[in-house]
Amino acid sequence: MSMMHTFAIPFAAGVFSLLFLGRWKRLQWGLFFIVSLIQLYGVYTLFGAGGAIQEIPLSLNLPGLENVSFQFRMSGLGYLFFAGSSVLTFLVALYSLTYNDRTHATGIAPLWTILLGAQAGIFFAGDWLSFLFSWELMGWTSYFIIAHGKRRPREAALYYYILSLIGTSTLLAGVFIAISGSGSFVIGDGLSYLAGLWGRHTGLVTLVALLFSIAFFSKSAVFPFYMWPAKAHAEAPDDFSSFLSGVMIKYGVFGMIALVLPVFRMGYTGPAVHGVPLFLGVLGWFGVITAVLGTLYAIPEDDMKRLMAYSTVSHLGFITAALSMNSALGIAAALFHTINHMLFKGGIFLSMGSVKHRTGERMMHRLGGMAYRMPLSLFTFLVCIIAAAGIPPMSGFASKWMVYQAIFDRGLLIMAIPAFFASTGSFLYLYRGLHTIYLGQLSPRFSEVKEAPVTMSLAMLFTMLLVMFTGFFPGLVLMPINGVVAELGFEPLTLNLFMIQGVTTTVNVTLIGILFMGAVFIVGFLYLIGKRRELVGPLDTYTAGEDPKDWGLTEERYHYGMNFYEPLEAVTGPFLRGISFDALFQKIGLETGKLSDTVKRWFNTPQLGTLVLVIVVVVVIFVVWR
Amino acid sequence: MIVGWIVGAIKVLVHAFFIMAVGLLFMGLGRRFTAKFQRRYGPPVWQTYLDVVKCFARKSISHHYIMDLGSVMGLAGLIAAAMFLPVGRYLAVPSTGPILVILYLMPIGYLGMAMGVSASGNPLATVGIGRALTLMLGYEVPFAIIVLGMVSMFDSTSLVRIAELQQGGVVNWNVFTMPFAFVASIIAVQAMLAEKPFDTMIAPSEVASGPMVELSGKFLGLAFLQHSVAIFVETGLVVLLFLGGGTGMLPFLLKMFLVYMLSIAINAVWARYRVEQATKFLWVFAGGLAFVQLVINMYIR
């Protein structure tokens, strides 16, 4: 299998499924699953094909555009992203097989299949043309998937798509500058042309970097575009949410590392703070601001999918801060956190999707006690939130630790403060999810709920095991990442399967895991020698001698889930209301609406309309004639 | 190889029990000390040991196996964190004493505890946990800034290394070279230990001892032990960061004891903050002092 196949097979399968299988939803999902398997096979066959280039000439002969071809280029970075995405996609596809039963089926499978091809195209693109093509394909397929023919999702998807459009147009503008300057469609040529401009046209390169950054930040939901995931993730179909949060939001990270950072490495002469180019330093601050905002917005959220969407925003902030360091440690940390976040956030969304599949509830305060009915979902969620909080022995710890090390390495210590804040704040909202959805009192409405169907359970189980495995042996992921870092031209890091060397200390992650397990044994022993416990019912709690039934309390009303962090919200609320970018966007929207209304009014009467038309035509003729 | 693993396991086991024993001793002495403040006799020092034994010997109730699991996880996380803390120069497991690992391992203890009491289904317990986590956001940030101050001064987050650099006389101790950070750390540790004025989460008169409300028998015993390990780790961090660590076990434990007594003394005379007041206080005063120290350190370097 070649790189072209990873693009072409899903594309063809998706179009086929869209055109011919519209009436058989099951077949569409089956085909989607098969395609995800093929992508996984592609990961296997493409292993070690570093540096391979594949040209597909286009028979286009427009003036000035002879010999245009699509070019696929294998890079370690692209392969890493492709491998990570394909693994998670496979798990999500496995999950979708039974998720889309008679009551939950959506018609998104064909578009999603196409999206898999677009994704491979983004990761393997060797020229600007194929990159833009894949990027656009990804943009509009995901728009239709998020909308999936419903009203509220459509509004969310529109918000997402408009941000995507802004991103795509700035990307296009940047690409135009790169192509017209270098005279080549190859991405590598464009980047080295831009890097060659340092010192001569510093402003131009910074402009291009800014344009690219806007494009990728809008995709990755970094400040100031941090609002869309809460809308889009929440309204998208549940199985797609985990793909959206796990994989799609990482395209921006890929773009930043592949297209923006190289420009700042080769011959950079501009101002720098502690060895970090000023531009990237500002981006790093955007990253930590995103991390803090994501956390602060997640804490009071009651909708579980929105909560985790904000959590995703927060993690993307971490990744952005790390990659802005533009050092071996920084990029390795960003890549490692990206891969970890794929797995654990995928797992979290899968677990929450199972709960929603069985109960139909999305508001957390209406749930509660699901752990007693769906133990596998609980353990998936538990393992994944431990990873998400960056607590050892799960996978998030090592990568978060590396993010801090990358910041320490550059000496930008003040930047680490908001990062710590965001990281600690994540305990708050993650625990909230754990308690309000899974623990506490089980409502009688859900007393007959069953564990998720078999393939959904399998997908959750695999995700959980992967998170645990990468947590105990970070080298499994870090050693390939080290290869990528070396390929990008850095000194590789010192690490092995078990331990990582940072700048301020060395940490043996496996040892932490073993110690924790040992401690569990010691405490388990203590637990066992204690006198046997007696199991009692959920309402049999301490109430200072009152009977809850006298107060009219049922299990459902006894569950504490609303206004969980009210005291904290009283502190952070005014701050959050003060800086809402949503309000700014709304204002821009309003002003644009006014402007277009004014223009529309010109054409209200035929006379005025004709006059405007004539004037425009005359002006155009005049300009062309000159 | 296998012999090495077995020896290591035994060392960890012994160290774990040693830590719990020291923590319980501190708690016993702390009770006596508080009693002196309040002109009482107070319980005998060994009462805490008797309490734990009694807890494990009595009948207990549980609401679900997740509650059992959470309680076990709670103590285990803190014991694992304590293994990375050099006691004097002794470490049960060879490591550099990484602060970040300790700071991130302790939450698994709290998360375990939180999961356990959440599974009990008592809203009072959950209110307590919510308060505890809010307070955690309050004290972790100043403590992180203190750690950053250490990084800016010594380029190290290894406790062993930071303790080594303070050797050679009392004047080298960070308490004198970084006074602002020391005060910040005392405030932060007061909150970490959940002593007054930061004991909102267990406030008995408001939320019926918060997380402990549903714990009985051995669950209460495990919570007791968890608090004893927490005392050990948190006072140990202050000693290692600011009071020169220790060349031997005994001076180290003595310094830890002094830190703990300071905390108990404050506890004995202060009233309780509301949780948002506590969080604000920690951010503004502890965080502010630590930040001032960080800026000074960065300027000196």
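Predicted, not measured: the structure shown is a model, and the values here were computed from it. (Residues numbered from 1 in each chain as written. Chains lettered and ligands numbered in written order. Predicted model: local features only at pLDDT ≥ 70, side-chain atom pairs only at ≥ 80, totals over all residues. Heavy atoms only, no water.)

Draft legend 1. Structural view of the nonpolar core. By size, the foremost hydrophobic cluster in this structure holds 324 residues, and its most contacted members are Trp 112 and Phe 240 of chain A. Excluding anything up to four places from it in sequence, Trp 112 of chain A contacts Trp 29, Phe 32, Val 92, Ser 96, Ile 145, Asp 239, Phe 240 and Phe 243 of chain A. (Core = buried A, V, L, I, M, F, W, Y, C linked by side-chain atoms within 4.5 Å. Buried < 20%, exposed > 50% of the residue type's maximum accessible area, 1.4 Å probe, protein only. Contact = heavy atoms within 4.5 Å.)

Draft legend 2. Here's a closer look at the packing of aromatic side chains. Here the structure, examined in full by the defined rule, presents 50 aromatic pairs over all chains. Measuring from centroid to centroid gives 6.0 Å for Phe 198 of chain B and Phe 281 of chain B, while their planes differ by 40°, and the two rings are tilted. Placement of Phe 198 of chain B in the loop between helix H8 (179-192) and helix H9 (204-207) and of Phe 281 of chain B in helix H12 (residues 275-300) is noted, with a sequence separation of 83 residues between them. Owing to a relative accessible area of 1%, Phe 198 of chain B belongs among the buried residues under this scheme. A network of ring pairs unites the aromatic residues Trp 29, Phe 32, Trp 112, Phe 240 and Phe 243 of chain A as a single cluster. (Phe/Tyr/Trp six-rings, centres within 6.5 Å; stacked < 30°, edge-to-face > 60°. Helix = DSSP H or I, 4+ residues; strand = E, 2+ residues; numbered from the N terminus.)

Draft legend 3. Structural view of the packing of helix H17 (residues 413-438) of chain A against helix H5 (residues 123-154) of chain B. Contact geometry for H17 of chain A and H5 of chain B: axes closest at 9 Å, N-to-C directions at 160°. Accordingly, the angle class assigned to the pair H17 of chain A and H5 of chain B is roughly antiparallel. Crossing of H17 of chain A against H5 of chain B: the hand is right-handed. Residue composition of the contact of H17 of chain A with H5 of chain B, grouped by class: 17 nonpolar, 6 polar and 1 charged. (Axes fitted to C-alpha atoms, helices over the stretch in contact; angles between N-to-C directions. Parallel < 35°, antiparallel > 145°, perpendicular 65-115°, else oblique. Left-handed = near helix turned anticlockwise from the far one by under 90°. Nonpolar A, V, L, I, M, F, W, Y, C, P; charged D, E, K, R; others polar.)

Draft legend 4. Highlighting the interface of chain B and chain A. Contacts between the two partners involve 82 residues from chain B, matched on the other side by 72 residues from chain A. Carbon and sulfur atoms supply 80% of the area buried between chain B and chain A, which totals about 6,600 Å² over both sides. There are 2 salt bridges connecting chain B and chain A. When the shortest N-O distance is used, the salt bridge between Lys 59 of chain B and Glu 534 of chain A registers 3.3 Å. Joining chain B to chain A, the criterion identifies 17 residue pairs in polar contact (both at pLDDT 80 or more). Secondary-structure elements contributing two or more residues to the side of chain B that touches chain A are helix H1 (2-37), helix H2 (47-57), strand S1 (60-62), helix H3 (65-82), helix H4 (99-119), H5, helix H10 (217-242) and H12 of chain B. Tallied by class, residues from the side of chain B that touches chain A come to 55 nonpolar, 18 polar and 9 charged. As defined by bridge partners, strand S7 (residues 533-535) of chain A adjoins S1 of chain B across 3 bridges and the pair is classed as parallel. By the bridge assignment, Leu 535 of chain A is partnered in S1 of chain B with Ser 62 of chain B. (Buried area = accessible area lost by both parts, 1.4 Å probe. Salt bridge = Lys/Arg side-chain N within 4 Å of Asp/Glu carboxyl O. Polar contact = N/O pair within 3.5 Å; in protein donor to acceptor, adjacent residues only side chain to side chain. Pairing = 2+ DSSP bridges.)

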